[in-house]
Amino acid sequence: MKFGGTSVGKPDRMKHIASLLLNEPEPAVVVLSALSGTTNTLVEIGNNIAKGDRHSAQQVITKLEDYYQAFIRALFEKDETYNKAKSIVAEHFDFLNIILKISFSEALSKDILAQGELLSTKIFSTYLQEIGADYALLPALEFMSIDENEEPQIGSIRTKLTHLLEQHKDKKILVTQGYICRNARGEVDNLKRGGSDYTASLVAAAINASVCEIWTDIDGMHNNDPRIVDKTVPVEQLSFEEAAELAYFGAKILHPASIWPAQQYKIPVRLLNTMQPEAKGTLITQEAASTGVKAVAAKDNIIAIKIKSGRMLLAYGFLRKIFEVFEKYKTPIDMITTSEVAMSLTIDTHDHLDQIIKELEALGSVEVDENQTIISVVGDHINETPEIIKKLFGSLRNTPIRMVSYGGSKHNISLLVAAEHKNQLLQQLNHGMFGL
Ligand code: ADP
Ligand code: ASP
Ligand code: MG
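Read on for a plain summary of the structure.

Criteria and cut-off values
- Residues numbered from 1 in each chain as written.
- Chains lettered and ligands numbered in written order.
- Predicted model: local features only at pLDDT ≥ 70, side-chain atom pairs only at ≥ 80, totals over all residues.
- Heavy atoms only, no water.
- Helix = DSSP H or I, 4+ residues; strand = E, 2+ residues; numbered from the N terminus.
- Contact = heavy atoms within 4.5 Å.
- Polar contact = N/O pair within 3.5 Å; in protein donor to acceptor, adjacent residues only side chain to side chain.
- Pairing = 2+ DSSP bridges.
- Axes fitted to C-alpha atoms, helices over the stretch in contact; angles between N-to-C directions.
- Patch = residues over 30% accessible without salt bridge, like charges linked within 9 Å, V, L, I, M, F, W, Y side chains within 5 Å.
- Areas by Shrake-Rupley, 256 points an atom, 1.4 Å probe, with all protein chains shown as cover.
- Salt bridge = Lys/Arg side-chain N within 4 Å of Asp/Glu carboxyl O.
- Buried < 20%, exposed > 50% of the residue type's maximum accessible area, 1.4 Å probe, protein only.
- Near = heavy atom within 4 Å.
- Nonpolar A, V, L, I, M, F, W, Y, C, P; charged D, E, K, R; others polar.

### Considering the environment of S210
Part 1 of the reasoning: Among the secondary structure elements, S210 is positioned in the loop between α8 (196–207) and β7 (212–216).
Part 2 of the reasoning: Through-space distance from the C-alpha of S210 to that of R185 is 33 Å; in sequence the pair is 25 residues apart.
Part 3 of the reasoning: Beyond its immediate chain neighbours, meaning those up to four positions away, S210 contacts E26, I267 and P268.
Part 4 of the reasoning: Within the structure, S210 has its side chain in polar contact with the side chain of E26 (distance 3.3 Å).

### A look at the sheet that holds strand β15 (residues 403–409)
Across a sheet, strands are paired by hydrogen bonds formed along the backbone, either parallel or antiparallel in direction.
Part 1 of the reasoning: Pairing is antiparallel across the open sheet formed by six strands, whose spatial order is β12-β13-β11-β14-β16-β15. Pairing within the sheet leaves two strands with one partner each, and these edge strands are β12 (336–338) and β15. Here the strands of the sheet are splayed against their neighbours by 30 degrees on average, with no regard to which way each runs.
Part 2 of the reasoning: The pairing of β12 with strand β13 (residues 342–347) spans three bridges and is antiparallel.

### A closer look at a nonpolar patch on the surface
Part 1 of the reasoning: A surface patch of nonpolar side chains, about 260 Å² in accessible area, is lined by F393, V404 and Y406.
Part 2 of the reasoning: By secondary structure assignment, the location of F393 is in helix α13 (residues 386–395).
Part 3 of the reasoning: A residue is classified by how much of its surface remains accessible, and F393, at 37% relative accessible area, is partly exposed.

### Remarks on the site of ligand 2
Part 1 of the reasoning: Close to ligand 2 lie S33, A34, T39, E117, Y179, R193, G194, G195 and S196.
Part 2 of the reasoning: Residue S33 places a side-chain N or O atom 3.3 Å away from an oxygen atom belonging to ligand 2.
Part 3 of the reasoning: Here an oxygen atom of ligand 2 and a backbone polar atom of S196 are 3.0 Å apart.
Part 4 of the reasoning: When ligand 2 sits alone it has 260 Å² of accessible area, and the protein chains cover 86% of it.
Part 5 of the reasoning: Partitioning the shell around ligand 2 into residue classes produces two nonpolar, five polar and two charged.

Now the structure itself:
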């Protein structure tokens, strides 16, 4: 059971989660995120230190500490547990204050980011102690790890976690940190923003759980982005493939990589609403229960690159040369389209962009468009349903489309548009494809 930032972000919500857990018949590993807003604040602290602005970093740390002090004052009733929580908060903020004096490094910034999940899990565990619940705290840094390619090592996660669980066989609630892990150098690292979902799926796969529940602030995966579109509805069921496409192409409710571990180990995933536990939410399983369009998602900050070469005409090997450049800089490509003389593709990171462009320029003329958005329409076998294609293209109206990707997967049709057209297009698709 994974609870996200908003689900643990207020003292009352923590109490509510504790009561959900007490009513849970099966033993559960409980993966917690940092309290909402904390990771953003830790990013800000790291950025200030990186810039050499220690004064601003200090101010942000003090404000965050005040917030945690107030949080625990509201959460605890008994002196013993309140004092314990107070010393936990003091310990982590002492650490942040010490870091202020050390010279900045990438590894140090990861240590800063880890404080959110460490704090939330220790505070929550202390609350479980206060109410007399039967719990244990499993330190994620002792079992969650990634290799030199930043891939989780599921075999080793399984061995270490199983060992830890054996030490707490009698416990029903096993609390652990989402997001944080150790890297190949043994340093503290993380699974990237939103990574607690990924932790939950990895843990579920590692222990062969009966279900992986992702508890958040909305009643499941909606058919469109509820932050942008007025009228959206929850989707009752999705296949792993549909859910993976939606997560990868921008549905924020799930971390982009969070589906594969559950899919590979055939663990059903449920998306549930902490604020409304009785709502059905979304069930994600092997097969799609129905065909047709399920949802639309948008992925921002996309860079489109077009490489044009007179020499591509009938030239095999041109694509390989292009892909080798991206392989060299470990930069994944999301969308691709080709014509006889040019190829367009998209990436989602500026890391190494300058070097990539320089190397591509040796192969042909290069055009770069930043600030693009991929809009993906996802559903089982949608590319085989002419009616859907008609509705989709009918919904576009006059929106200029930079690229279309169709046929790469049976479950996804993607469009690339300039970011300024995103909101309107999501709305048009909501109306045109879902009649909402
Ligand atoms: P948590 O902190 O629990 O991990 P997130 O903020 O990461 O929660 O994810 C939940 C949020 O994802 C929702 O509040 C909603 O605004 C956003 N979201 C974006 N797209 C979708 C979608 N298709 N369905 C549901 N929620 C979505
Ligand atoms: N706390 C981390 C973040 O904000 C991880 C998560 O919430 O899933 O990105
Ligand atoms: Mg999240």
